[in-house]
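Spelled out, the chains give:
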Amino acid sequence: MKEKKVRQHKLTDKNPYISSILLVIVGFFILSLVSGVLNVIIAIPIPDYPRLYGPIGLLVGLAAGLLFYKLWFKGEFTSFFRYGKIGPGVPLIVVYMIYLALCLAYDAFEGDVSFKFNVSGVLTALYAGVIEEFMFRGIMTSTLMRKRKNKDSIMIQLLFPAILFGFVHLTNAFSGADILVAFFQSLGSVAVGMALGAIYILTGNLAVVIAIHTFHDVIAICFSNDVNSSGLMTGSVTAGTIIELIIAIGMFVYVVYYAKKQKNIDIARDLWDKKWTASL
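No experiment lies behind these values; they were computed from the predicted model shown.

Asker: Hey, could you go over the nonpolar core for me, with residue numbers and the actual values?
Answerer: Ranked by size, the top nonpolar core spans 59 residues in total, and within it Y69, Y96, Y99, I154, L158, M251 and W272 carry the most contacts. For this core, the element with the highest residue contribution is helix 7 (residues 179–203), accounting for 11 residues. Ignoring anything within four residues of it in the chain, the contact list for Y99 reads V192, H216, E244, I247, A248 and M251.

See the structure below:
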């Protein structure tokens, strides 16, 4: 059998954290370029087609970004979707849904909930779910799981993307959100990033975390009075903001507890050994 040719990746071997950030930047550029150009082309014969959040361009751009990653690690990385099972991630998914339900229930109790479904909001949610999961789980987490699969390193591989994920949400302050609201949102996003990262590491399926993230944002945009159709948090810090952060911290603690179980460490190690076939 002909031996696979494997490209040397010295920077990734030496510093996977810097390498993962650089790959995210390149991958995001490719996805954005492909989706942007395609959406503009589609909008020519279909004037009402959304150029910014067009789903066709977005999904084709995602495919281009994933293909770039696979070609970059040709001979090493096998798949963003194969080899895992949904079972190990189910307890985390359930806890995540409980987190969403509790936040929504508290908002309803305070009278801050009203159903405002609109296509623009759903497309915004899909855009955020695809882009952010592609960057932070698809590229960053996958790169960090390339060789480091022991108990201690998996905690770091969950924390590093989650902290950057939270930092990105802090930039909402530059888009008009209240600085304190953006700060609390970024803290909550660290817990969300930890949960999504653990689900991806244990299931090996990027589609699962994209679906969960998109569902989360659809719920926020369509039900919360404090989130507009662009996904931007409005208003100021309230008791509800603090309560929801406490709920997020509870989810964070559970994720750490669950991810540290030796059984789950073994599942993650076996799964990612298959995904990175030439990096053992």
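Asker: Describe in detail the packing of helix 4 (residues 90–109) against helix 8 (residues 206–223), supporting the description with residues and values.
Answerer: Packing of helix 4 against helix 8 brings their axes to within 11 Å, and their N-to-C directions diverge by 5 degrees. Comparing their axes, helix 8 and helix 4 come out roughly parallel. Of the residues in helix 8, those touching helix 4 at I93, Y96, M97, Y99, L100 and L104 are V208, I212, F215, H216, I219 and F223. By residue class, the composition of the contact of helix 4 with helix 8 is 11 nonpolar, one polar and no charged.

Asker: Before we move on, can you summarise the layout of surface pockets with the specific residues and values?
Answerer: Here the largest pocket is characterised by a volume of approximately 1,200 Å³. Considering the residues around the largest pocket, the lining is formed by 49 residues, among which H169, Q185, D217, G231 and M233 are closest to the centre. Residue assignment for the lining of the largest pocket shows that the elements contributing at least two residues are helix 4, helix 5 (119–144), helix 6 (151–170), helix 7, helix 8 and helix 9 (239–259). Of the residues that constitute the lining of the largest pocket, the class distribution is 24 nonpolar, 18 polar and seven charged. What lines the second largest pocket is Y83, G84, K85, P88, L202, I267, D270, L271 and K274. At four residues, the largest contribution of residues to the lining of the second largest pocket is made by helix 10 (residues 262–275). When grouped by side-chain class, the residues that make up the lining of the second largest pocket number five nonpolar, one polar and three charged.

Cut-off values and rules
- Numbers given for residues are sequential positions, taken from 1 along each chain in its written order.
- For a predicted model such as this one, the threshold for reporting local features is a pLDDT of at least 70, and the threshold for listing and counting side-chain atom pairs is 80 or more; totals across whole chains, interfaces and linings nevertheless cover every residue.
- Calculation of side-chain values draws on the structure's entire complement of heavy atoms; hydrogens and water are dropped beforehand.
- Side-chain atoms within 4.5 Å are what join buried Ala, Val, Leu, Ile, Met, Phe, Trp, Tyr and Cys residues into a set we call a nonpolar core.
- Each residue is assigned to one of three classes by its accessible area relative to the maximum for its type, calculated with a 1.4 Å probe on protein chains only: buried under 20%, partly exposed between the two thresholds, exposed over 50%.
- What counts as a helix is a DSSP run of H or I of at least four residues, what counts as a strand is a run of E of at least two, and both are numbered from the N terminus.
- When checking whether two residues touch, look at their non-hydrogen atoms; a contact exists if any pair is within 4.5 Å.
- Where helices are involved, their axes are fitted lines through C-alpha atoms of the stretch in contact, as for all axes, and angles between N-to-C directions lie from 0 to 180°.
- Each angle is binned into one of four classes, with values under 35 degrees roughly parallel, values over 145 roughly antiparallel, values of 65 to 115 roughly perpendicular, and all other values oblique.
- Side-chain classes follow a simple rule in which Ala, Val, Leu, Ile, Met, Phe, Trp, Tyr, Cys and Pro form the nonpolar group, Asp, Glu, Lys and Arg form the charged group, and the remainder, Gly included, forms the polar group.
- Here a cavity denotes grid points, spaced 1 Å and computed from the protein atoms alone, that fit a 1.4 Å probe unable to get out, and a pocket denotes an open set having protein on both sides within 12 Å along at least 5 of 7 lines; residues with an atom within 4 Å of a point are the lining.
- Grid points are joined across faces, edges and corners, and a volume is the space filled by probe spheres set on the points.

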